[in-house]
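Listed below, chain by chain, are the residues.
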Amino acid sequence: MITKKPIPLPLAMIICDTVIEDRFTGKKSLIGIFNTITAFQLPLRHPSLNIFCILTEGIGEYESILRCIKLDTNEPIINLKGPIMFPNPLAIVEFNFDLKNVVFPSVGQYVFELLCNDQLLISRKFTVGEFKKEKPAGNFS
């Protein structure tokens, strides 16, 4: 009898600048949590961002995919694959994707999606906005 593996339960997906792990306690600090990036010029090359995820209720190893998609065009921006291991079903597994030099082609809505064994577990939307200089007050001719 073949038993199907349970789908892991997502507890969190957080976008931030940096994840710091205390080497003595293993506790993690998420620095610079955000939902919006502002571009001074396009395309925007973001030097560093982190996607911090927490899952539980998995059994053994799963093949994971982190992808980022521009919502209005369905254009893939990121597609990373790798294993996630659950030592036991009660384990809470924390992991981080440290992304460097991600290029966002235009302003608009994007979504990060985490899949395990080709099943969508959790997603997180965010916005790329454009920095606009304010016009000076008054009437200057």
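Heads up: the structure comes first, above all this text.
Residues numbered from 1 in each chain as written. Predicted model: local features only at pLDDT ≥ 70, side-chain atom pairs only at ≥ 80, totals over all residues. Heavy atoms only, no water.

The strands making up a sheet associate through hydrogen bonds between their backbones, and the pairing can be parallel or antiparallel. Overall, antiparallel pairing links the 4 strands, which are arranged S2-S1-S4-S7 in an open sheet. In the strand order of this sheet, the two ends are held by strand S2 (28-33) and strand S7 (92-104), each with one partner. The sheet shows a mean angle of 45° between the axes of neighbouring strands, taken without regard to direction. (Pairing = 2+ DSSP bridges. Helix = DSSP H or I, 4+ residues; strand = E, 2+ residues; numbered from the N terminus. Axes fitted to C-alpha atoms, helices over the stretch in contact; angles between N-to-C directions.)

Another point: the side chain of Ser64. As for its placement among the helices and strands, Ser64 is situated in strand S5 (residues 60-70). We classify Ser64 as buried; its relative accessible area is 3%. Within the local environment of Ser64, its side chain forms a polar contact with the backbone oxygen of Gly82, the two atoms lying 2.7 Å apart. (Buried < 20%, exposed > 50% of the residue type's maximum accessible area, 1.4 Å probe, protein only. Polar contact = N/O pair within 3.5 Å; in protein donor to acceptor, adjacent residues only side chain to side chain.)

Attention now moves to the sheet that holds S5. A sheet is described by the order of its strands in space; here 5 strands give the open sequence S3-S9-S8-S5-S6, paired in mixed fashion. The outermost strands of the open sheet, each flanked by one partner alone, are strand S3 (36-39) and strand S6 (75-86). Going from strand to strand, the sheet's axes swing by 20° on average, the running direction of each strand aside. Two elements, strand S8 (residues 108-116) and strand S9 (residues 119-130), share 9 bridges in a ladder whose sense is antiparallel. Bridge assignment links Val111 to a residue of S9, and that residue is Lys125.

A full pass over the atoms with the stated rule returns 7 aromatic pairs. Here the aromatic rings of Phe40 and Phe131 are separated by 4.6 Å at their centres, their planes lie at 45°, and the arrangement is tilted. Separated by 91 residues along the polypeptide, Phe40 in the loop between S3 and strand S4 (44-56) and Phe131 in the segment after S9 bring together distant segments of the chain. Since its relative accessible area comes to 65%, Phe40 is described here as exposed. On the accessibility criterion, Phe131 (41% relative accessible area) is partly exposed. Aromatic pair Phe112 and Phe126: ring centres 5.2 Å apart, planes at 15°, arrangement stacked. One end of the pair, Phe112, is in strand S8; the other, Phe126, is in strand S9, and 14 residues separate them in sequence. You can call Phe112 buried: its relative accessible area is 0%. The exposure class assigned to Phe126 is buried, which follows from its relative accessible area of 2%. One aromatic cluster in this structure is built from Phe104, Tyr110, Phe112 and Phe126. The ring of Tyr62 carries Lys5 above its face, with NZ or CZ at 4.3 Å from the centroid. If you follow Lys70 out to its NZ or CZ, it ends over the ring of Tyr110, 5.3 Å from the centre. (Phe/Tyr/Trp six-rings, centres within 6.5 Å; stacked < 30°, edge-to-face > 60°. Lys NZ or Arg CZ within 6 Å of the ring centre and 35° of its normal.)

These figures come from the coordinates and say nothing about function on their own.
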